[in-house]
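# A structural walkthrough
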Amino acid sequence: MEKFPLKGSREAAAEGNSYITAYQTVMKKSNGHTNGAGGDSDLDGSFRDHPLAQHSKLTTSLTAAGTDDEDMIDITPRSSPGDVIGGGGGGGSSSGYHRETATESDTERDFGHLGGGGGGGGGGGNHHSQRTMHQLHHQHVPTHSAFGDPMDGALSFYGSSDVQDDIPGIGQYEDFHTIDWQRDIARDRMRHRYIVKKRQDSLWDLIKGSIDAGSGWLCVLLVGIAAGCVAGMVDIGASWMSDLKHGICPPAFWFNREQCCYPAKQSVFEEGNCSTWKTWPEIFGLDRNGTGPYIVAYIWYVLWALLFASLSASLVRMFAPYACGSGIPEIKTILSGFIIRGYLGKWTLLIKSVGLMLSVSAGLTLGKEGPMVHIASCIGNIFSHVFPKYGRNEAKKREILSAAAAAGVSVAFGAPIGGVLFSLEEVSYYFPLKTLWRSFFCALIAAFVLRSLTPFGNEHSVLFFVEYNKPWIFFELIPFVFLGIMGGVIGTFFIKANLWWCRYRKFSKLGQYPVMEVLFVTLVTGIICYPNPFTRMNMNELIFLLVSKCSPGDVTNPLCDYKRMNITTGNTIIEVTEPGPGVYSSIWLLMLTFILKLALTIFTFGMKVPAGLFIPSLLLGAIMGRIVGIGVEQFAYSYPNIWFFTGECADSNLITPGLYAVVGAAAVLGGVTRMTVSLVVIMFELTGGVRYIVPLMAAAMASKWVGDALGRQGIYDAHIALNGYPFLDSKEEFAHTTLAADVMQPKRNETLNVITQDSMTVDDVENLLKETEHNGYPVVVSRENQYLVGFVLRRDLNLAIGNAKRLIEGISSSSIVLFTSTQPIQNLGPQPLKLKKILDMAPITVTDQTPMETVVDMFRKLGLRQTLVTHNGRLLGVITKKDVLRHVKQMDNEDPNTVLFN
């Protein structure tokens, strides 16, 4: 961060009284210039703040004569709840030092938070009045003011793509730490203001500004294209390997069963009408039917499942441990501002994609829809680093990740609008309007690319397309609401049972053998699922079978085994359908399937393989809905003269069991995830049944009400709490009456670890860093006079001191550490170390009497990392996000030690 006037640029500043002219001249002269050890840099650094706050007053002349380097300003702005503040970073470059990130993993990086010369900071918007350049030359600015108009005069901004930073790592975040939304957003505002200002200088700057403005749209375009391509490959691979457990297509082994038997229009229940497709008994010279062939097919089914599952678990364990599970809980946590390095890296993307194909093909009770959100987010993270605007700013990067999450749902279900709403309602923490537009665009592109690439007909334009030509009647709202209630009950039972098993796995020896657990669950799944034709088939096929309507000529589907007859009542003819033996046997098989799938999903979700919950939840609800629909259908035709059926069932069959399957699927998925709006949109996009939005809404609301009454958290929030991630749910309210003084650290009778602005040596600061583990330290005037000066991060202190010892001559352990712009009156010792550039001089503060309800809202809505507590201007303590989370859990009578990370 540069001070005012610019260090090393006295000649330029002396050329005239125009600050802009001085800045432009310095930019030309100082490019690539360094001042040597201990000196401050030229403009070849990261974003500089606007110099409108300093310890000494501004002079009325911009000439370099009489200007001391130590009188230059250095601030790090933060926005308060009512202010709009721009942010920038430090300037200065050391000899030959370039940006590097030694602690980064894969592409989950924080490229641009490298402050030059030890500084991350910047100037921001003035919430009072805008000042002209002329006024700046002739007015004094209050000491320590963090406000000013960054458009007045020249700006050197933080994170520029064509400059090198001074101290590698300044302003970055450690693994498992929380980002500072306000600092990152302020930094981007400063960068944007600088670009807008530079557009007037030349045609090239105008072109660069236009490219920067469109980089967000270009980034989400690339993310959508890549997500669609990856989803297409996953779908093709999973479909082929799933059918490989049953047989192979000798003419073209890369064909799945549907492609191999396409001319014969093979049904899932009629394998004998396709001579091209060969089952494994036929490959070994046996007949297709019989006891021997059945045993051979059974064995090959289980062996292929074990092979696929072992490969998936081994790949995850060896190459990408973060590739297991759904990924949505972690994506929610990352989008809330948490750093998990490597979770969105290239290895995670590769192993998650391959492992997902293998785990789905193994026949495990899981889906690929949730992991597709994780895969798309990995793609979004990787592409964000192509554009420095997003790759170097963690807050901006999360805008791309929100759009990528929408694309993940879009390619998983073929539901682009539902994907956008899912990202808004369930995943994203910060969702401005421009992110909504870009998410819509990204989801559209992803769905279009997948629809263009997939060879499976129209499956992914609408995943479970149905065409119901009969309207629902008012009476059916009763069974629809009943399905919603049951969905809430089933969802809550599943959440509690799965959490119990995951907690047992986590704290027992079982967690030490993840591959063996996967193989055992796969073996049990294969053995018990093969005999039942409903559990043997692919879950997507079974859901489509359950939501489909029965036509008079449909003899292949056992759910449609009806005896149809016409009876005359008065002057009307009514078609009566009597269930045949196929329907009754199917109902029993579906009940068994429901129990098996529910139990297997409880034990499967959370294993060390990629696993989603959407499809298993939809399947459970579809089974329940289809059974209820068959019952309502028979009730309507057994008692057609009841008053609520009068006039409704006079001329045709109005009860559609497939519709009940759709509503039941929405109910159980809502009970598991607690989604509402996005759930309804996803369901009618899945099925194409727009006229059934009201039944879906009724079931979704009933499911959420019942689920919330039985347990507050959905499955993703429950797993966030189980893993101890620091996630402040913006949907929950804090209704307690505690104060900031009750939560702050340290307590009133304990010692507060602080750094003084001009009386501590390097050795004192290093000892403080060794003896404490705080992520940051308040800077005060003195230990006796603890009035707040600013706040400095632990990471920045370590980096700045280490860099100074390497590069600045005269710095020793007895050097005084200065966080001010003035030299000590008597300095007979070694050269002081000046660290004002890394000092945040505008930290957000609250008083000790501030209600914790207000503090919690500040952390949620501003994305704070910490806030300082004062009393009559004197510093009392610090409240971090971890302190807030622990306090919330204490107030809710939960264990506060479950919050594991900083």
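Before going further, it helps to examine the overall build of the protein. When you go through the protein residue by residue, the secondary structure sums to 30 helices and 13 strands. Residues classed as buried in the protein amount to 59% of the 902 residues present. Only carbon and sulfur atoms are counted for the fraction: they give 60% of the accessible area of the protein, which is about 35,400 Å².

So, on to the pairing of strand β13 (residues 874-880). Summarising the sheet, strand β12 (residues 866-871) and β13 pair through six bridges and their orientation is antiparallel. Bridging from a neighbouring strand, H871 pairs with R874 of β13. The hairpin formed by β12 and β13 contains two residues between the paired strands, and N872 there has a positive phi angle of roughly 55°.

Further remarks concern the state of the cysteines. Here is the idea: a disulfide is a covalent bond, and it sits between the sulfur atoms of two cysteines. Applying the stated rule across the entire model yields one disulfide. Each sulfur in the disulfide pair C249 and C260 lies 2.1 Å from the other. In this structure, the disulfide formed by C249 and C260 twists by about 75° around the S-S bond and is classed as right-handed. A residue pair is termed long-range when its members are at least 10 positions apart, and C249 in the loop between β1 (247-248) and α6 (257-260) and C260 in helix α6 qualify at eleven residues. Across the pair, C260 and C249 agree in class, each one buried. Between C442, a free cysteine, and C219, which holds the nearest cysteine sulfur, the sulfur-to-sulfur gap is 8.4 Å. Since its relative accessible area comes to 0%, C442 is described here as buried.

Here we come to the packing of aromatic side chains. For the structure shown, the criterion picks out 25 aromatic pairs. Judged by centre distance (6.3 Å) and plane angle (15°), the ring pair of W500 and Y504 falls under stacked. A residue pair is termed a helical-turn pair when its members lie 3 or 4 positions apart in one helix, as W500 and Y504 do in helix α16 (residues 477-507) at four residues. Given the relative accessible area of 54%, W500 is considered exposed. Since its relative accessible area comes to 44%, Y504 is described here as partly exposed. Ring-pair connections join several aromatic residues into one group, and the members of that group are W280, F284, W300, W304 and F308. Above the plane of the ring of Y530 lies R536, whose end atom (NZ or CZ) is 4.3 Å from the centre. Positioned above the aromatic ring of Y787, the side-chain terminus of R874 is 5.7 Å from the ring centre.

With that settled, consider the pairing of β12. Taking burial as the measure, the six residues of β12 include five buried ones, the bulk of the element. Sheet topology places strand β11 (residues 845-847) next to β12; three bridges connect them, and they run parallel. Bridge pairing in β12 places T847 opposite T870. Crossover connection from β11 via helix α29 (residues 852-862) to parallel β12: handedness right-handed.

Moving on to the environment of N256. Here N256 shows up in the loop between β1 and α6. Separated by 20 residues in sequence, N256 and I236 have C-alpha atoms that sit 8.6 Å apart. There is a polar contact of 2.7 Å between the side chain of N256 and the side chain of S239.

So, on to the pattern of salt bridges. Think of it this way: side chains of opposite charge can pair up when their charged atoms draw near. Per the counting criterion, the structure on display carries 20 salt bridges. Among the ionic pairs, D205 bridges to K198, the shortest N-O distance being 4.0 Å. Note on accessibility: D205 and K198 belong to one class, buried. Look at the salt bridges and you will find they share partners, linking D188, R191, D212, K396, E399 and R438 into a network.

One open sheet holds the three strands; their spatial order is β11-β12-β13, and the pairing between them is mixed. Edge positions in the open sheet fall to β11 and β13, since each of these has one partner strand only. In this sheet, neighbouring strand axes are inclined to one another by 35° on average, regardless of whether the strands run parallel or antiparallel. Strands in contact with α29 are β11, β12 and β13; relative to β13, the strand with the most contacts, it is inclined by about 60°.

This part covers the sheet that holds strand β7 (residues 776-780). In space, the three strands of this open sheet follow the order β5-β7-β8, with mixed pairing throughout. The open sheet has two free edges, formed respectively by β5 (755-756) and β8 (788-793), since each of these has just one partner strand. Judged from the five bridges that link them, β7 and β8 form a sheet pairing that is antiparallel. Residue G776 lies in a different strand from β8, and its bridge partner there is L793.

What follows is about the nonpolar core. Formed by 157 residues in total, the largest nonpolar core has its most connected members in F413, F422, F494, L546, L618, M683 and I879. Looking at this core element by element, the count peaks at twelve residues for helix α21 (residues 614-638). The contacts of L618, once residues within four sequence positions are left out, are F413, I543, A665, L669, M683 and L686. L768, A804, F819 and L835 belong to the second-largest nonpolar core, a separate cluster that totals 22 residues.

What follows deals with helix α30 (residues 881-891). Of all eleven residues in α30, eight are buried; the element is thus mostly enclosed. All buried positions along α30 are accounted for by K881, K882, D883, V884, L885, H887, V888 and K889. Summarising the contacts, the buried residues of α30 are in contact with α25 (715-723), α26 (740-743), α29 and β13. Backbone geometry just after α30 places N893 at a positive phi near 60°.

With respect to the helices and strands, the residue R865 is situated in the loop between α29 and β12. For the buried R865, which has no salt bridge, the nearest side chain bearing the opposite charge is D180, at an N-O separation of 6.4 Å. Looking at R865, its side chain comes within polar contact range of the main-chain oxygen of T178, at 2.9 Å.

Attention now moves to the confidence of the model for the protein. Mean pLDDT over the protein works out to 76, with 74% of the residues at or above the 70 mark. Within the model, the stretch residues 1-165 combines pLDDT values under 50 with 468 contacts to residues more than four positions away or in other chains.

Let us now look at unusual backbone geometry. Cis geometry is found at the peptide bond from Q745 to P746, where omega equals -5°. Its location among the elements puts P746 in the loop between α26 and β5. For R674, which is not glycine, the phi torsion reads 65° and is therefore positive. Inspection of the secondary structure puts R674 in the loop between α22 (657-673) and α23 (677-687). When its relative accessible area of 7% is taken as the criterion, R674 is described as buried. For N872, which is not glycine, the phi torsion reads 55° and is therefore positive. Within the secondary structure, N872 sits in the loop between β12 and β13. Overall, the relative accessible area of 66% leaves N872 in the exposed class.

The next point concerns the environment of W254. Positionally, W254 belongs in the loop between β1 and α6. Along the chain, W254 and W240 lie 14 residues apart, while their C-alpha atoms are 7.1 Å from each other. Other than its neighbours up to four places away in sequence, W254 contacts W240 and Q259.

Definitions and cut-offs
Every chain is numbered on its own, with residues counted from 1 as its sequence reads. In view of the model being predicted, local features appear only for residues whose pLDDT reaches at least 70, and side-chain atom pairs are presented and counted only at 80 or more, with totals across whole chains, interfaces and linings using the full set of residues. Heavy atoms throughout the structure, all of them, feed into the side-chain values; hydrogens and water do not. Counting from the N terminus, the helices are the DSSP runs of H or I reaching at least four residues and the strands are the DSSP runs of E reaching at least two. In this scheme, a residue with accessible area under 20% of its type's maximum is buried, one over 50% is exposed, and one in between is partly exposed, where area comes from a 1.4 Å probe on protein chains only. All accessibility values rest on the Shrake-Rupley procedure with a 1.4 Å probe; residue burial counts only the protein chains present in the view. One requirement defines pairing of two strands: DSSP has to find at least two bridges between them. Criterion for a disulfide: a pair of cysteine sulfur atoms within 2.5 Å. Two rings belonging to Phe, Tyr or Trp (six-membered ring only in the last case) form a pair when the distance between their centres is within 6.5 Å. Interplanar angles under 30 degrees mark stacking, angles over 60 mark edge-to-face geometry, and anything in between is tilted. For a ring to carry a charge above it, either NZ of a lysine or CZ of an arginine must fall within 6 Å of the ring centroid while also lying within 35 degrees of the normal to the ring plane. By the criterion used throughout, a crossover qualifies as right-handed when its path from the first strand across the helix to the second strand runs clockwise, the strands pointing away from the viewer. In the analysis that follows, any N or O atom pair within 3.5 Å is treated as a polar contact, provided that within protein one partner can donate a hydrogen and the other can accept it, and provided that, for residues neighboring in sequence, both atoms belong to side chains. What makes a salt bridge here is a side-chain nitrogen of Lys or Arg within 4 Å of a carboxyl oxygen of Asp or Glu, nothing more. To get an axis, fit a line to the C-alpha atoms, keeping to the stretch in contact for a helix; angles then go from 0 to 180 degrees between the N-to-C directions. Contact criterion: two residues are considered in contact whenever any of their non-hydrogen atoms come within 4.5 Å of each other. Take the buried residues of types Ala, Val, Leu, Ile, Met, Phe, Trp, Tyr and Cys, join any two whose side-chain atoms come within 4.5 Å, and each joined set is a nonpolar core. Residues scored as positive are Lys and Arg, those scored as negative are Asp and Glu, and His as well as the terminal groups of each chain are ignored. Per residue, pLDDT measures the predictor's confidence, with a range of 0 to 100.

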